[in-house]
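# Coordinates in review
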Amino acid sequence: MRPDATRSTWKLVVLAGAAAIVGYFLLHGTGEHDAAYSAIGLASVGCVVLGIRKRRPEDLGAWLAIAAGNLSFVLGDGVYGVYQFLLHRPTPFPSIADAFYLAGYPFLIVGVTRLTRDETKSGRSRESFADAAIVAIGALALSWHFLMGPYANDPSAGTFAKLVNLAYPALDLGVLFIVLQGLLFGGARRGVHRLIAVAMVAMVVSDFVYDMLALHGSYSAGDPVDAGWLANYVLVGAAALHPSMALRRGEKAPARRPGVVRRLPVVAIAGFTAPAILLVGALAGSHSDVAPLALISIVEFALVVVRMSWMLRAIAEQARSIENTLDAKTQLEVELRHLAFHDSLTGLANRALLYDRVEHALAAASRGHGSVAVCFCDLDGFKTINDSLGHLVGDAMLLAAGKRLAAVVRPGDTVARLGGDEFAILMEDLDDPTTAMAVAERAVSVLHHPVEVDGRVITLSASVGVAIGDLDTTTEVLLSQADSAMYAAKGAGRDRFEVFEQAMLARTLERLEITNSFAGALERGEFLLEYQPQFSLRDGRLEGFEALIRWEHPRLGLIAPLRFVGLAEETGYIVPIGRWVIEQACEQAALWSAQRGAALAISVNLAARQLEDPALVDDVRTAISVSGIRADQLVIEVTESTLVLDTKRVLDVLADLKAIGVRLAIDDFGTGYSSLSYLRQFHIDLLKIDKSFVDPLADPSGEGDALVITIVGLAHSLGLLTVAEGIEHSSQHSQLARLGCDSVQGFLLSRPLGIDAASDLVAAESAGDESRAAGPRLAPER
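Reading guide: rules and limits
Residues numbered from 1 in each chain as written. Predicted model: local features only at pLDDT ≥ 70, side-chain atom pairs only at ≥ 80, totals over all residues. Heavy atoms only, no water. Helix = DSSP H or I, 4+ residues; strand = E, 2+ residues; numbered from the N terminus. Rg over C-alpha atoms; globule rule 2.2 N^0.38 Å. Buried < 20%, exposed > 50% of the residue type's maximum accessible area, 1.4 Å probe, protein only. Contact = heavy atoms within 4.5 Å. Areas by Shrake-Rupley, 256 points an atom, 1.4 Å probe, with all protein chains shown as cover. Lys, Arg positive; Asp, Glu negative; His and termini not counted. Charge placed at Lys NZ, Arg CZ, Asp CG, Glu CD. Expected span 1.5 Å × (residues − 1). Pairing = 2+ DSSP bridges. Axes fitted to C-alpha atoms, helices over the stretch in contact; angles between N-to-C directions. Parallel < 35°, antiparallel > 145°, perpendicular 65-115°, else oblique. Left-handed = near helix turned anticlockwise from the far one by under 90°. Core = buried A, V, L, I, M, F, W, Y, C linked by side-chain atoms within 4.5 Å. pLDDT = per-residue confidence, 0-100. Patch = residues over 30% accessible without salt bridge, like charges linked within 9 Å, V, L, I, M, F, W, Y side chains within 5 Å. Salt bridge = Lys/Arg side-chain N within 4 Å of Asp/Glu carboxyl O. Polar contact = N/O pair within 3.5 Å; in protein donor to acceptor, adjacent residues only side chain to side chain. Nonpolar A, V, L, I, M, F, W, Y, C, P; charged D, E, K, R; others polar. Phe/Tyr/Trp six-rings, centres within 6.5 Å; stacked < 30°, edge-to-face > 60°.

Before going further, it helps to examine the overall build of the protein. Looking only at helices and strands, the protein has 30 helices and 16 strands in total. Computed over the C-alpha atoms, the radius of gyration of the protein is 51 Å, more than 25% above the 28 Å expected from 2.2 N^0.38 for a compact globule of 782 residues. Across its three principal axes, the protein shows a C-alpha extent of roughly 155 × 70 × 45 Å. Counting every position in the protein, which comprises 782 residues, the buried fraction comes to 47%. Here the contacts in the protein between residues at least 6 apart in sequence split such that 72% fall between residues at least 24 apart. Carbon and sulfur atoms make up 61% of the accessible area of the protein, which amounts to about 36,900 Å² in all. For the protein, the distance from the average site of its 67 positive side-chain charges to the average site of its 89 negative ones is 10 Å.

Laid out in structure tokens, this is it:
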């Protein structure tokens, strides 16, 4: 049989059963009715057996008990038939038939209980138990008044006969209780449960009506009441063949929440049944069965009281739960409001809250409540620290910065984190604008103090911009002015504050234009290199060049590195730009070396951001290979500040570069964090003496010699070469030669040259210029 046909078998049983019931009532004669009735009963038992074999339910015992119950009823009918058609005499009461009938009820009670045992655990609460008991006891009151009372008070019946008569409605009440508690008020919801519930209710109703008819001697075979029993047989058979009969525990449908509200009217009516019967009887002048009905009323009332106490307790718990939910909702709203207007890391006000407070402050200022000032603070070099040391260290730095700023402002001032490494301070009701400058100065000072994170001491600095609003200043303008002043402080050397001036706005717009112009600038060929020659102090010969990048901007003209390299680092464009510089410099060094007939060195500056690029070493290796120069012709220059950012990472990258054969130089040596351990650790080859140490050499007093003597002596003791930068006077040149410096570069010797001019210089060197052999051809002093 096809699976879909198997799933529809129960529907066919219902249809066939309905047809059989109709056919039953079309028959004539007691014998025909009894035969058809028993046949339908046996067919029901057969369907249960077939369902057990086909569906193989998990609880076999439940279905065997139900089958045994219906089989007991069929056997009871069979005993009646024996008396009537074989023995041709009335069936005695009580008889063996009653034994079979009464035995069927416990089987049904056990079967239904087991059938719903696992499915209704979620719904089988004490409330559903109490509700089922109230309804069953209410039904007991009706049964006692109409059936059980008359049976008990029948003077013509013996004690045993009375007990048998009373057993029928009592067992019906037991079935009713189980059906109510397990199927109707519980959590069972499968199709098989609904079919069983309807079947049991049909049987109980037919039993009650039959007992009423039998009590008054008005029942005969083929009576309409038989329809309920026959429906019970048909529905039980259909339930046994229903697909949900075979579901295992892991496959059962989710239990429904019992419909407490829907069943309360039924429970309430049942609770008033016994008192209502007593009231009607008293009004009618009848005082029979007062004691049993009063007892039933007392039990009913006790159950109702217990049920109401449970309900009130549940309501109280639900009220507390709702109250807790409302409290949690209120707390959540407070937290969400705080999160919406505060920075999650530092707890400071965020950009939205700052904007709102600036608007209110400016509105108050327009009413004569003093002036308003805003400071923008940006942590210098924070991105490099965050990228090289990790976000945990970066977060610790931001937390420290926020706490320090909050400590230097006035009470009532607002400190905000705008995002990233940018902070802001709002000062309201200022009587004197210099107060804002004093706060800005304190902010620069406090942020300059070292911060210790995980045993590592890190020094920060901050660039601070101050803007002071007037009566016509809007929030957007004031914040924009503070931002412009901050970038002016960065451009002026960082670690300082600047007060907004109108000219700063143009520089801010230029900064924005430069940043937006990075995209595609390489592809458009806007960058170019100039080369500053480096000469030997020993014989004056050309040793190499330092490659210096320039930007020929289509609108801004020639842009010096100081104006765009920092922005390139911040935006990450320094990586592709730096890769291009290395490639061009190596290619040019190869051409000049071939032109001269001897190797010329080429120096290239690396920014800290480039050292974080995982492709850097491969890019350098490729540039050397493609150009054909020797690896030691390429000199990579890094600053001291770069070396202290993340020693392990920088050491690994520089070690890989050294493994290629590239030489390493420290640029601007002496201006940053100098350490002998770094010179050994990073295998440095050259020290470039910063111009700030060279400038004092022009002083005839010789007071500036000491530092240069120290640096040169240190370098030579470690086997390093020295290159002096920024030579502008012949006296500096002579002093450096006397002090033992190895090489020099500067405007005195040559300004940075374009490719053609540098090629001419190489050509002059290769031609053996006699004046150069005797010493460098010095440019006129400025």
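The next thing to look at is helix α16 (residues 434-448). Along an α-helix, a turn takes 3.6 residues, which lines up residues three or four apart on a common side. With 15 residues, α16 extends 21 Å between its outermost C-alpha atoms, agreeing within 8% with the 21 Å of an ideal straight helix rising 1.5 Å per residue. Where α16 is concerned, the buried positions are Ala-436, Val-439, Ala-440, Ala-443, Val-444, Val-446 and Leu-447. Turning to α16, the residues buried within the fold contact β1 (371-380), α15 (391-408), β3 (422-430), β6 (461-469) and β7 (496-499).

It is worth spelling out the pairing of β1 at this point. A regular strand places its side chains so that they alternate between the two faces of the sheet. Among the 10 residues of β1, 10 are classified as buried, and the element is accordingly described as predominantly covered. In the sheet, β1 pairs with β3 via 7 bridges, with the strands oriented antiparallel. Bridge pairing in β3 places Ser-371 opposite Leu-430. Pairing of β1 with β6, which is carried by 9 bridges, proceeds in the antiparallel orientation. Bridged to Asp-380 within β6 is Ser-461.

Further remarks concern the packing of helix α4 (residues 60-86) against helix α5 (residues 96-115). With their axes 7 Å apart at the nearest point, α4 and α5 run at an angle of 165 degrees to one another. In terms of axis orientation, α4 runs roughly antiparallel to α5. Of the two elements, α4 crosses α5, and the hand of that crossing is left-handed.

Phe-518, Phe-527, Phe-545, Leu-634, Leu-687 and Leu-736 are the most contacted members of the largest nonpolar core, which totals 78 residues. Of all the elements, helix α20 (residues 574-596) adds the most residues to this core, at 11 residues. With sequence-adjacent residues up to four places away left out, Leu-736 is seen in contact with Leu-537, Val-694, Leu-697, Val-708, Ala-724, Ile-727, Cys-741 and Val-744. Membership of the second largest hydrophobic core comes to 61 residues, among which are Ala-97, Ala-133, Phe-185 and Val-204.

Looking at the secondary structure, you find Ser-750 in the loop between β16 (743-744) and α29 (755-766). Not counting residues up to four positions away in its chain, the partners in contact with Ser-750 are Gln-532 and Pro-533.

Position of Tyr-168 among the secondary structure elements: in helix α7 (residues 159-184). Taking the relative accessible area as the measure of exposure, Tyr-168 reaches 13% and is therefore buried. Spatially, the C-alpha atoms of Tyr-168 and Leu-102 are 6.9 Å apart, while their sequence positions differ by 66 residues. Residues within four places of Tyr-168 in sequence aside, it is in contact with Asp-98, Tyr-101, Leu-102, Tyr-105 and Asp-211.

As a further point, take the sheet that holds β6. Taken together, the 5 strands give an open sheet; going across it, the order is β2-β3-β1-β6-β7, and neighbouring strands pair in mixed fashion. The sheet terminates laterally at β2 (414-419) and β7, the two strands that pair on one side only. Pairs of neighbouring strands in the sheet enclose a mean axial angle of 20 degrees, with direction left out of account.

For the rest of this paragraph, the subject is the confidence of the model for the protein. Per-residue confidence for the protein averages 85 on the pLDDT scale, and 91% of its residues sit at or above 70. Counted against residues more than four places away or in other chains, residues 770-782, with its pLDDT under 50, gives 27 contacts.

This next bit is on the pairing of strand β12 (residues 634-639). Burial runs high along β12: 5 of the 6 residues are buried. With 4 bridges joining them, strand β11 (residues 601-605) and β12 adopt parallel strand pairing. Counterpart to Ser-603 in the pairing with β12 is Val-635. Looking at chain direction, β12 and strand β13 (residues 663-669) are connected through 5 bridges and run parallel. Looking across to β13, one finds that Ile-636 is bridged to Leu-664.

Taken together, the side chains of Leu-142, Phe-146, Leu-184, Val-201, Val-205, Phe-208 and Val-209 define a hydrophobic patch exposed on the protein surface, amounting to about 520 Å² of accessible area. With 4 residues, the top contributor of residues to the nonpolar patch is helix α8 (residues 191-215). Summarising the element assignment, Val-205 is placed in helix α8. The class of Val-205 is partly exposed, set by a relative accessible area of 47%.

Turning next to the side chain of Glu-546. With respect to the secondary-structure elements, Glu-546 resides in strand β9 (residues 542-553). Within the structure, Glu-546 has its side chain in polar contact with the side chain of Asn-605 (distance 2.9 Å). Here the side chain of Glu-546 touches Lys-688 through a polar contact of 3.0 Å, side chain to side chain. With sequence-adjacent residues up to four places away left out, Glu-546 is seen in contact with Glu-530, Tyr-531, Gln-532, Gln-534, Ser-603, Asn-605, Glu-637, Lys-688, Glu-725 and Gln-745.

Let us look at α4. Between its first and last C-alpha atoms α4 spans 37 Å; for 27 residues at 1.5 Å apiece the expected length is 39 Å, and the two agree. One side-chain oxygen at the N-terminal end of α4 lies 3.3 Å from the backbone nitrogen of Gly-61; it belongs to Asp-59.

The subject of this paragraph is the packing of helix α3 (residues 30-55) against helix α9 (residues 226-240). Direction vectors running N to C along α3 and α9 enclose 15 degrees, while the axes themselves pass 7 Å from each other. Viewed along their axes, α3 and α9 adopt a mutual orientation that is roughly parallel. You can see that α3 and α9 cross each other, and the crossing is left-handed. Of α9, the residues touching α3 (which contributes Tyr-37, Ile-40, Gly-41, Ser-44, Cys-47, Val-48, Gly-51 and Arg-55) are Asp-226, Trp-229, Leu-230, Tyr-233, Val-234, Val-236, Gly-237 and Ala-240. Class assignment of the residues belonging to the contact of α3 with α9 gives a composition of 10 nonpolar, 4 polar and 2 charged.

Turning next to unusual backbone geometry. Residue Pro-94 follows Phe-93 across a cis peptide bond; omega there is -10 degrees. Relative to the helices and strands, Pro-94 is located in the loop between α4 and α5. Here Arg-56, not a glycine, exhibits a phi torsion of approximately 50 degrees, which is positive. In this fold, Arg-56 is placed in the loop between α3 and α4. Not every positive phi belongs to a glycine, and Asp-495 is a case in point at roughly 55 degrees. Here Asp-495 is to be found in the loop between α17 (475-491) and β7.

The full count for this structure, using the stated rule, is 16 aromatic pairs. For the pair Tyr-24 and Phe-25, a centre-to-centre distance of 5.0 Å together with 85 degrees between the ring planes defines the contact as edge-to-face. In this structure Tyr-24 comes out as buried when scored by relative accessible area, which is 2%. Both rings, one in Trp-551 and one in Phe-564, keep their centres 5.5 Å apart while their planes meet at 80 degrees; by these two values the pair is edge-to-face. Within this pair, whereas Trp-551 is found in strand β9, its partner Phe-564 is found in helix α19 (residues 561-571), the two being separated by 13 residues in sequence. The exposure class of Trp-551 is buried, given its relative accessible area of 0%.

This part covers the pattern of salt bridges. Scanning the entire structure with this criterion turns up 26 salt bridges. Across the salt bridge formed by Arg-496 and Glu-498, the nearest N and O atoms sit 2.9 Å from each other. For Glu-570, the salt bridge identified is with Arg-511, shortest N-O distance 2.9 Å. Separated by 59 residues along the polypeptide, Glu-570 in helix α19 and Arg-511 in helix α18 (residues 502-517) bring together distant segments of the chain. According to the relative accessible area criterion, Glu-570 is partly exposed, its value standing at 35%.

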